[in-house]
Amino acid sequence: MKFEKNKKTLMKLLFIIYMCLLIYVVFFAEAMGRTPQGEYVYNLVPLREIKRFWKYIFDNDTLGSIARLNIFGNIIAFVPYLSEGKLKFILTFLYSFGLSLTIELVQLITRVGSCDVDDIILNTIGGVIGYILWSIYRHIKKG
């Protein structure tokens, strides 16, 4: 019983740390261009940036690094988000989508970073991957 309580406390602590890191990277990391822009920077066309970056993803130069960071970074950032096995798949999808939409709208309003519908797509995919990985882990653990 004590182990389960400690495990839940640790999971909550890790989630808080994860959320703090996510907020820092999304809104405050100057190295990632998180400084206020003079104008609105946004993309409302689904898959536009994903297609653009995908062309360069295997290049071994700066543009390739940026492409990999954009595509895989947006997915990986949301893998841990709400991947608890108690949640149904659809809730994980909706929570991942909702958090990502909120982040993108705050970026649009504050003009920090860029508001990109492709980020919402990639973040939601990351949340779903987290759910699937957690489900596989639980199945193996029971097995």
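Structure: see above.
Undergrad: I'd like to hear about the overall build of the protein chain, residue by residue, with values.
TA: On a plain count of helices and strands, the protein chain comes out with 5 helices and 2 strands. Written out in order from the N terminus, the α and β elements of the protein chain read α-β-α-α-α-β-α. Taking the principal axes of its C-alpha atoms as reference, the protein chain extends roughly 55 × 30 × 30 Å. Per-residue burial over the protein chain gives 30% buried out of 143 residues. A fraction of 68% describes how many contacts in the protein chain between residues 6 or more apart in sequence connect residues 24 or more apart. With an accessible surface of roughly 9,800 Å², the protein chain has 70% of that area assigned to carbon and sulfur atoms.

Undergrad: Describe unusual backbone geometry, naming the residues involved and giving the relevant values.
TA: In this model, L47 sits at a positive phi of 75°, which is unusual for a non-glycine residue. When you line up the elements, L47 lands in the loop between β1 (42–43) and α2 (48–54). Unlike most non-glycine residues, R111 shows phi in positive territory, near 60°. For R111, the position within the fold is in the loop between α4 (89–110) and β2 (115–116).

Undergrad: Tell me what's going on with α4, and back it up with residues and numbers.
TA: Helix length check: α4, at 22 residues, gives a terminal C-alpha distance of 32 Å against a target of 32 Å (1.5 Å per residue), a fit within 8%. Those residues of α4 not exposed but buried are T92, S96, L99, S100, I103, E104 and Q107. Burial along α4 is one-sided: seen end-on, the buried residues are contained in an arc of 130°.

Undergrad: With reference to specific residues and values, describe the packing of aromatic side chains.
TA: Scanning all chains against the criterion turns up 4 aromatic pairs. Here F15 and Y18 contribute two aromatic rings whose centre-to-centre distance is 6.0 Å and whose plane-to-plane angle is 40°, an arrangement assigned as tilted. In this pair, F15 and Y18 are both assigned in helix α1 (residues 2–27), 3 residues apart and thus about one turn of the helix distant. Take F15: its relative accessible area is 32%, and that puts it in the partly exposed class.

Undergrad: Go over the nonpolar core with me, naming the residues and quoting the values.
TA: Residues Y18, M19, L22, V26, F27, F78, L99 and I103 constitute the largest nonpolar core, which totals 8 residues. Contributing elements (two or more residues each) for this core: α1 and α4. Grouped together as the second largest cluster of nonpolar side chains are 7 residues, I50, F53, A67 and I71 included.

Undergrad: Provide a residue-level description of helix α3 (residues 62–76), including the pertinent values.
TA: Think of an α-helix as 3.6 residues a turn; residues three or four steps apart then line up on the same face. The end-to-end C-alpha distance of α3, which contains 15 residues, comes to 20 Å, matching closely the 21 Å that a straight helix rising 1.5 Å per residue would cover. The complete set of buried residues in α3 reads G64, A67, N70, I71, N74 and I75. As for α3, its buried residues are in contact with α2 and α5 (117–142). A distance of 3.3 Å separates the backbone nitrogen of L63 from a side-chain oxygen at the start of α3, and that oxygen is part of D61.

Cut-offs and rules
Residues numbered from 1 in each chain as written. Predicted model: local features only at pLDDT ≥ 70, side-chain atom pairs only at ≥ 80, totals over all residues. Heavy atoms only, no water. Helix = DSSP H or I, 4+ residues; strand = E, 2+ residues; numbered from the N terminus. Buried < 20%, exposed > 50% of the residue type's maximum accessible area, 1.4 Å probe, protein only. Contact = heavy atoms within 4.5 Å. Areas by Shrake-Rupley, 256 points an atom, 1.4 Å probe, with all protein chains shown as cover. Expected span 1.5 Å × (residues − 1). Arc of directions from axis to C-beta. Phe/Tyr/Trp six-rings, centres within 6.5 Å; stacked < 30°, edge-to-face > 60°. Core = buried A, V, L, I, M, F, W, Y, C linked by side-chain atoms within 4.5 Å. Polar contact = N/O pair within 3.5 Å; in protein donor to acceptor, adjacent residues only side chain to side chain.

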